[in-house]
Amino acid sequence: MRKLYVKLAAVNIRNNRQLYLPYLLAGVFSAAMFYLVMSIQDNPGLEQMRGGAYVAVTLLLGVIIVGLFAAIFLFYTNSFIMKRRKRELSVYNILGMEKKHIARVLFLEMLFTAAVTIGGGLLFGIAFGKLMTMLLYRMTGFNQSVPFTISLTGCRHTLVLFGCIYAVTLFYNFMQIKLSNPMELLHSANAGEREPKTKVLLAVIGAAALGGGYYLALTVADAVSAITMFFVAVLLVILGTYCLFTAGSIAVLKLLRKNKNYYYKSRHFTTVSGMIYRMKQNAVGLANICILSTMVLVTVSTTLCMYLGVEDALKRRFAHEVSVVSYYNAMPEHPEEVDALAEASLKDSGRVLKGHSAMLNMSLTAVRTDDGFSVTGIGAGTDYSISDVVLLTILPKSDWENYTGETVGELGCGEIALAASSAYEKGTLALDNETYQVKQICAYPETDHDYLDDMADDSVFMIVPDREALGQIFTELKQNWDEERVSLQIKYNMAFDIDGTAEEKVAAENTLHAAITAYNDGHPSDDAKDSYSRTYVECRAQNRDEYYSLNGGLLFIGLFLGAMFLMVTVLIIFYKQISEGYEDKERYAIMEKVGMSNAEVKRSIRTQILTVFFLPIGAAVLHVVMAFPMIKWILAAFSLNNTALFALCVAVTALVFLLIYLLVFALTSRSYYKIVGNQV
């Protein structure tokens, strides 16, 4: 008896191979992807990689997303297969097999499926594990040999996760059999639907949600707002997409039906009339395709842009090769001492200075007011918007001229010059309780951003007559300053550009680090007594490896997730076409019997594909275009402001995805026609 069940299970899978083969391949691919991400995260080489902690966190995120999507997708695909097989299972029941016997056959089928997908996935994962690790190392710029290893942790987690997925799926199949009777099973595959009503309220909700998401994306004005509002906008767009596909598509089809010149043509009549009666299921499937396509485009294009723009991000974050900043608790008498030490250290390392600038200043987070700025009230219960926050840098006239090379006219007591990222047109400026006359507006420094905060929407340089005036402002602010919130300090910023190869620059920077560390040790800070606090060094060359590790890891996971989303999209399209084929087969057979030619059937299929299945990719491209400003601000938070590069990455990704999309439709439409088109 057991052999009979095994034979039945094998015959069932073989007879339904058109449905099971893609399901098995998707399971193998999902298991392999999950194992690969787990094994790379478990790789001991990450601990030796500079920036390996960033990569590990990125891989952990990838593990969670791959596992979640694998569970959802495999369950969705199984539901489709069960729907197509209900008639077959009902025949077994009518012929005398009890439900427990059918359940035993389903158990053996699921056991075989799990063995093939998990075993195949682990085999492919182990086989390609070394190659994927080498690819990750190459993307992150990590030069180390990769030995062949088998991750026991990856194998264990893959077995547990996919074992649970197939166990839950099997339980669902059992419940489907238990809760149905033979006649329901026999006719469920052909169960019809009433014509869906046009849901005006749902369409209005969808339009409002989609419009709200687009509005947030288009009107965002700074990186902080973009990051905080991104997921809100995403949820609104997803809600709007599902609502509009469900309600809006029905409304459009009914409008087409009212257009007699369009509707009463053979290729339009069969498509429109059929789609109206099945639009509820089609709308959800098409919305899924749209959302997944959007995820592919955004994920791949964004991570690709971040990887290709590493050098741009480095130059924006570190405008000079070496940046040194000293902090003081009071006005320093000789801040140039550290400057001289840093210059001597770099020259002693054999480097030639190609550029050098220094600036004594005080940087504050301020809030814009009606007549100027407030710095002491921020964070103390003051009601203000994030758009009112300004990065205010106060510095002496001589330091500004040294920093920018721009000459500022004479400034008297109580007079200032301003350089702001946005226009300031008032003749006076109030800073808390003091009011200053704005005598000159200087050009804002667009190229050098060492002393600016990319996360601030507005940045303002307030130029005072001399260092004595800076010290006076510092003393006045100190009296009302909340030291528990943040320390108020004077900064002396120094920037150096040096020659040499990457290795020579790193060596010089290491020597400078040692010299500054020795200086800090020789000048211990006592906030209550001493003006000197501490000096820090930032070097572009030393941060390059971390940037490549982070962005390379993000690209690796982006490609992984893009492949995962693409696989899900392709399988949904395939099963949608197969489902449409089986549901349309009898109707097209009747049409051909009453005179509809095979060529007319093909035209009807082509019309359905062009009018329905290309709608998701069009909507996905529209979503990406609308999200462009928000994603651009998010990239700015990572010091990447190359809009042209991002636009190019989006265009290339969209083109490649469209080509794959066209190929998938060309193949699946052939499968569809094999089902419904050979009736003559």
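Because the structure is predicted, anything quoted here is derived from the model rather than measured.

A few points about the environment of A9
Line of reasoning, step 1. Position of A9 among the secondary structure elements: in helix α1 (residues 2–15).
Line of reasoning, step 2. Judged by its relative accessible area of 5%, A9 is buried.
Line of reasoning, step 3. In this structure, the C-alpha to C-alpha distance between A9 and L111, residues 102 residues apart in sequence, is 9.8 Å.
Line of reasoning, step 4. Sequence-distant contacts of A9, that is, excluding residues within four places in its chain, are made with V105, L108 and E109.

Points about the side chain of S345
Line of reasoning, step 1. Relative to the helices and strands, S345 is located in helix α14 (residues 336–348).
Line of reasoning, step 2. Each residue touching S345, except ones within four places of it in the same chain, is listed here: T511, L512 and A515.

A word on helix α13 (residues 310–317)
Line of reasoning, step 1. Every buried residue of α13 is accounted for by V310, A313 and L314. Seen from one end, α13 has its buried residues packed into an arc of 100°, which puts them on one side.

Topic: helix α2 (residues 17–41)
Every α-helical turn comprises 3.6 residues, leaving residues that sit three or four positions apart pointing alike.
Line of reasoning, step 1. A rise of 1.5 Å per residue sets the reference length of α2, with its 25 residues, at 36 Å; its end C-alpha atoms lie 35 Å apart and thus fit the reference within 8%.
Line of reasoning, step 2. Taking burial as the measure, the 25 residues of α2 include 19 buried ones, the bulk of the element.

Regarding the environment of Q577
Line of reasoning, step 1. With respect to the secondary-structure elements, Q577 resides in helix α18 (residues 540–593).
Line of reasoning, step 2. For Q577, a relative accessible area of 2% translates into the label buried.

Observations regarding a nonpolar patch on the surface
Line of reasoning, step 1. Taken together, the side chains of L648, V652, V656 and I660 present a nonpolar region at the surface, about 310 Å² in accessible area.
Line of reasoning, step 2. On the secondary structure map, V656 appears in helix α21 (residues 643–676).

A closer look at the pattern of salt bridges
If charged atoms from side chains of opposite charge come close, those side chains can pair.
Line of reasoning, step 1. A complete count under the given rule lists 11 salt bridges for this structure.
Line of reasoning, step 2. With its nearest N and O atoms 3.3 Å apart, the salt bridge here joins E321 to R540. Of the two residues, E321 is situated in the loop between α13 and β1 (322–328) and R540 in helix α18; the sequence distance between them amounts to 219 residues.
Line of reasoning, step 3. Residue E321 is classed as buried on the basis of its relative accessible area, which comes to 8%.
Line of reasoning, step 4. The partner of R467 in a salt bridge is E336, with the nearest N and O atoms 3.0 Å apart. One end of the pair, R467, is in helix α16 (residues 467–479); the other, E336, is in helix α14, with 131 residues separating them in the sequence.

Details of the confidence of the model for the protein chain
Line of reasoning, step 1. Confidence in the prediction for the protein chain averages 80 pLDDT; 83% of positions are at 70 or higher.
Line of reasoning, step 2. This model gives residues 448–455 a pLDDT under 50, and the stretch forms 31 contacts once residues within four places in sequence are excluded.

Examining the environment of N288
Line of reasoning, step 1. Its location among the elements puts N288 in helix α12 (residues 279–308).
Line of reasoning, step 2. Separated by 280 residues in sequence, N288 and V568 have C-alpha atoms that sit 9.4 Å apart.
Line of reasoning, step 3. In contact with N288, not counting residues within four places along its chain, are Y242 and I572.
Line of reasoning, step 4. Of the polar contacts made by the side chain of N288, one reaches the side chain of Y242; its length is 2.4 Å.

Topic: the packing of aromatic side chains
Line of reasoning, step 1. Scanning the entire structure with this criterion turns up 16 aromatic pairs.
Line of reasoning, step 2. Centre to centre, the rings of W400 and F461 are 5.1 Å apart; their planes meet at 55°, and the pair counts as tilted. Of this pair, W400 sits in helix α15 (residues 397–404) while F461 sits in strand β8 (residues 458–464); the two residues are 61 residues apart in sequence, bridging distant segments of the chain. Here the two residues W400 and F461 agree in accessibility, since each one is buried.
Line of reasoning, step 3. For the pair F628 and F646, a centre-to-centre distance of 4.7 Å together with 25° between the ring planes defines the contact as stacked. Of this pair, F628 sits in helix α20 (residues 615–637) while F646 sits in helix α21, and the two are 18 residues apart along the sequence. The same class applies to F628 as to F646, namely buried.
Line of reasoning, step 4. A cation sits over an aromatic face here: R317 above F318, 4.6 Å from the ring centre.

About the cut-offs
Residues numbered from 1 in each chain as written. Predicted model: local features only at pLDDT ≥ 70, side-chain atom pairs only at ≥ 80, totals over all residues. Heavy atoms only, no water. Helix = DSSP H or I, 4+ residues; strand = E, 2+ residues; numbered from the N terminus. Buried < 20%, exposed > 50% of the residue type's maximum accessible area, 1.4 Å probe, protein only. Contact = heavy atoms within 4.5 Å. Arc of directions from axis to C-beta. Expected span 1.5 Å × (residues − 1). Patch = residues over 30% accessible without salt bridge, like charges linked within 9 Å, V, L, I, M, F, W, Y side chains within 5 Å. Areas by Shrake-Rupley, 256 points an atom, 1.4 Å probe, with all protein chains shown as cover. Salt bridge = Lys/Arg side-chain N within 4 Å of Asp/Glu carboxyl O. pLDDT = per-residue confidence, 0-100. Polar contact = N/O pair within 3.5 Å; in protein donor to acceptor, adjacent residues only side chain to side chain. Phe/Tyr/Trp six-rings, centres within 6.5 Å; stacked < 30°, edge-to-face > 60°. Lys NZ or Arg CZ within 6 Å of the ring centre and 35° of its normal.

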